[in-house]
Amino acid sequence: MTQRKIYQIPEWCLWILNPFILVLAIFLDKIQPGLILQWLGKFHPLVLHFPIVFGILISIYFLFFQQRRFPLETEKLLLVINALISSIVAVFGLLLARENASNGDLILIHKWGGVAIAFLSWMYLSLLHSKPVILKIYSIIFLSVLTIATHKGAQLTHGINALSFPESSKSENQVGLFDENATVYEVAIAPILEQKCVTCHGPDKAKGDLRLNTPENILKGGEDGNIFGAGLDDDGFLLKRIHLPLSDDDHMPPDGKVQLTKDEISILNNWIKSGANFNLKMNELAEEDSLYKLVRKPGPENTAEVISDKPLPDLAEFNSNYCSVNALFPGSDRVVVNFFQGSFYNRENLKKLEKIKENIVELNMQGMPLDKEDLDIITQFLNLEKLNINYTGLEIGSLENLKTLSKLQSLSICGIDCDEASLEKLLNGANFTTLNAWSENVNAKGLEDLMGKYPNVKITIGDNLESEFLQLNEPLIDQDSAIIPDRLTVNIRHYLNGVDIRYTTDGSEPDSVESKRYTGALVISENTVLKAKAFKEGWTGSKVVQRSFYKSEIRPDTVYLITNPNPKYKASGAKTLFDLELGERNTSNGKWLGYKDSDLEFVIGFNREQTLKSASFNALINLGAYIFPIHSISISGSNDGLNFISIANAKFPEAKKGDHNETKSFECNLPADTSFKYYQFNVSNLKKLPEWHAAKGNPAWIFIDELFLK
């Protein structure tokens, strides 16, 4: 094929593409492109940079290098390539604009600017034989159009103030005087949204089809629906996004933009949790109200808590083997409490929570043996929003005092005998938006009557929902100890009668057909991963519950750490590895050794040579909290404690997106007849989180609570 024909092919393409661009731009709103064309539009931001840079270089070339020009054929080839890519980018951009949520003058200018760039790039070809002065004038025009159109594109992507001087991170609405008759929205909420959110969610740009510039647009929501959530038990889209880690792609405002201050987050949190009332005036708030104090507070950023005037103490003191107490999210003063193992329930653990009673928003006491004294303590948690008292042995008549908790929205009372009359009495005057109960004493007609009387309450009565299969709750593995001294008896039970419990002991997932049926207590004498699942006709199978049991055969005479754990997760130091206490899934209970910036390295010693067959570490996996599986284990041996030789290594598969959070054993086998006085261990973490993780590229945590030797 001749060189001339090579040039002609892209030139012919331009005669097809550019008329198509013009038609597409004019009739954009009336065209319904297929899925493939819509998908092609996604490539617009991926390829647009090439014609921008190429176009700038071409303009500079014709403006300043007229005396040293390339051969005519070379110039023509470069211009044809530029025009062809510019036209393709324009087509992609128009297809993308067809489904883009943004509108207004900004996208209009960018759209026609892109069309102009395509046509001007094409017209360059007809001016190659023109006088130098004409080429210079044309290059100035081309460069001007290119600059304006691409700048508008940058504003679409990065906000209308993309090139503006950075704003101060201090919210101006926090200082000065304001009208007490003004609404909280006008005084505090609107200025925060205007400064931190409207550039991406305003009249000129609406990412996710969401605009935050007026009350009407805010209430309309975006493509994800209502931004305030379904109720007080739902933090909602807006609060969840602003509380995500800065490294998360979904964090708002995105990394690189001016971030919300603690005061601003607290103001938004309090306003939304109080109902997001756009008509609430400043003079309608009590001066003691935390929202009033936040809005009126001048000076430095507030460090007060969102729902309590008292600083949140260290939560470690409230944690135990049978009670986990954690912040709702890092930095929050909102606290979530879960109790475990009803046979070991101690009311003193509940009483201790009175110190943080203003902070508790979620409380799970399922399976605990409660009575009136326990309920009296619970009713002191005035900010409680979600309460689970399933299978606690309480009587429904004793729950009347829960209605004094004005913020309590979600209540679960499964396993507590009730009928239509008792449920109606409980709902009368209560603020609940969700009530969960399992009862055979309420028929379909009774349920329909209740829902008619309380339309704003989502009522679930398990056994009589004929058109909906409910999921069983998990069975309970009734054995507190996870350490096997010689042998261990393990019971599995469920609160509902007639439930079929299936289990496995090899780490596989139990099913209703192949897995063993639980018929009586299990006796465990070796390392075992026990998984159980409940099934019942008319119900969806429960989630899998899992417990790991470990045989403890050998304990060293000495152990010392070479590398220190993170100060926040240092547990009891070296003795944590052999204290026979597991941390379960509670990261705040002071039983985990946490490493991120270095490997776990330590040495164990025996008074005389000791033969080892294997070493197993119990580790936590919580991918959302950046806690990943152990990456590798290396073991060295020595008889003098100075000169170590490598004797064993084990490397483990990396976690995959969607893997379950769990505790898991990681075992490294040693060669037969391995016998030393000293053993040195190196337990390494994953040095770079994978691309699919929100904190990709950062080191992962490893959490270890016990070492078992055989």
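Residues numbered from 1 in each chain as written. Predicted model: local features only at pLDDT ≥ 70, side-chain atom pairs only at ≥ 80, totals over all residues. Heavy atoms only, no water.

Engineer: Would you mind going over the environment of Leu600 with me for this structure?
Structural biologist: Inspection of the secondary structure assignment puts Leu600 in strand E18 (residues 600–611). Leu600 sits 102 residues away from Ile702 along the chain, and the two C-alpha atoms are 8.7 Å apart. (Helix = DSSP H or I, 4+ residues; strand = E, 2+ residues; numbered from the N terminus.)

Engineer: Explanation requested: a nonpolar patch on the surface in the structure shown.
Structural biologist: A cluster of nonpolar side chains, namely Leu22, Val23, Ile26, Phe27, Leu108 and Trp112, defines an oily patch on the protein surface of about 530 Å² accessible area. Taken together, the elements giving at least two residues each to the nonpolar patch come down to helix H1 (3–26) and helix H6 (105–123). At three residues, H1 tops the list of elements feeding residues into the nonpolar patch. Within the secondary structure layout, Leu22 lies in helix H1. Its relative accessible area of 36% is what places Leu22 among the partly exposed residues. (Patch = residues over 30% accessible without salt bridge, like charges linked within 9 Å, V, L, I, M, F, W, Y side chains within 5 Å. Areas by Shrake-Rupley, 256 points an atom, 1.4 Å probe, with all protein chains shown as cover. Salt bridge = Lys/Arg side-chain N within 4 Å of Asp/Glu carboxyl O. Buried < 20%, exposed > 50% of the residue type's maximum accessible area, 1.4 Å probe, protein only.)

Engineer: Honestly, the pairing of strand E10 (residues 488–493) in this entry has me stumped. Any pointers?
Structural biologist: Each regular strand shows side chains that alternate between the opposite faces of the sheet. Across the two faces of E10 the burial differs, with Leu488, Val490 and Ile492 buried and Thr489, Asn491 and Arg493 not buried at all. One ladder, built from three bridges, connects strand E8 (residues 476–478) with E10; its direction is antiparallel. Note on E10: the bridge partner recorded for Leu476 is Arg493. The sheet contact formed by E10 and strand E13 (residues 522–524) spans three bridges and is antiparallel. For Leu488, the partnering residue across the bridge sits in E13 and is Ile524. (Pairing = 2+ DSSP bridges.)

Engineer: Help me understand the environment of Val91 in this model?
Structural biologist: By the secondary structure assignment, Val91 is in helix H5 (residues 72–99). Since its relative accessible area comes to 9%, Val91 is described here as buried. Sequence spacing of Val91 and Leu24 is 67 residues, and the spatial spacing of their C-alpha atoms is 8.0 Å. Those residues in contact with Val91 that sit more than four places away from it in its chain are Leu17, Phe20, Ile21 and Leu24. (Contact = heavy atoms within 4.5 Å.)

Engineer: Before we go on, may I ask you to explain the sheet that holds E18 in this structure?
Structural biologist: Across a sheet, strands are paired by hydrogen bonds formed along the backbone, either parallel or antiparallel in direction. A sheet is described by the order of its strands in space; here five strands give the open sequence E16-E18-E23-E20-E21, paired in antiparallel fashion. Each edge of the open sheet is held by one strand with a lone partner, namely strand E16 (558–561) and strand E21 (645–651). Taking each pair of neighbouring strands and ignoring which way they run, the sheet shows an average axis angle of 20 degrees. Summarising the sheet, E18 and strand E23 (residues 675–684) pair through eight bridges and their orientation is antiparallel. Across the sheet, Val603 pairs through a bridge with Gln680, a residue of E23. (Axes fitted to C-alpha atoms, helices over the stretch in contact; angles between N-to-C directions.)

Engineer: Explain the pattern of salt bridges here, please?
Structural biologist: Opposite charge on two side chains allows them to pair when their charged atoms are near. For the structure on display, the rule yields 17 salt bridges. Lys355 is the salt-bridge partner of Glu317, the closest N and O atoms lying 3.5 Å from each other. Of this pair, Glu317 sits in the loop between helix H12 (290–296) and strand E1 (323–327) while Lys355 sits in the loop between helix H13 (347–352) and strand E3 (360–364); the two residues are 38 residues apart in sequence, bridging distant segments of the chain. Judged by relative accessible area, Glu317 falls into the partly exposed class, the value being 41%. Using a relative accessible area of 58% as the deciding quantity, one classes Lys355 as exposed. Here the salt bridges share partners, and the residues they tie into one network are Arg347, Glu348, Lys351, Asp371, Glu373 and Asp374.

Engineer: I'm lost on the pairing of strand E6 (residues 434–437) in this one. Help?
Structural biologist: The sheet contact formed by strand E5 (residues 410–412) and E6 spans three bridges and is parallel. Looking across to E6, one finds that Ser410 is bridged to Thr434. The β-α-β motif built from E5, the intervening helix H15 (residues 420–427) and the parallel element E6 has right-handed crossover chirality. Relative to strand E7 (residues 458–461), E6 is paired through four bridges, and the arrangement is parallel. Bridge pairing in E7 links Leu435 to Ile459. (Right-handed = clockwise from strand over helix to strand, strands pointing away.)

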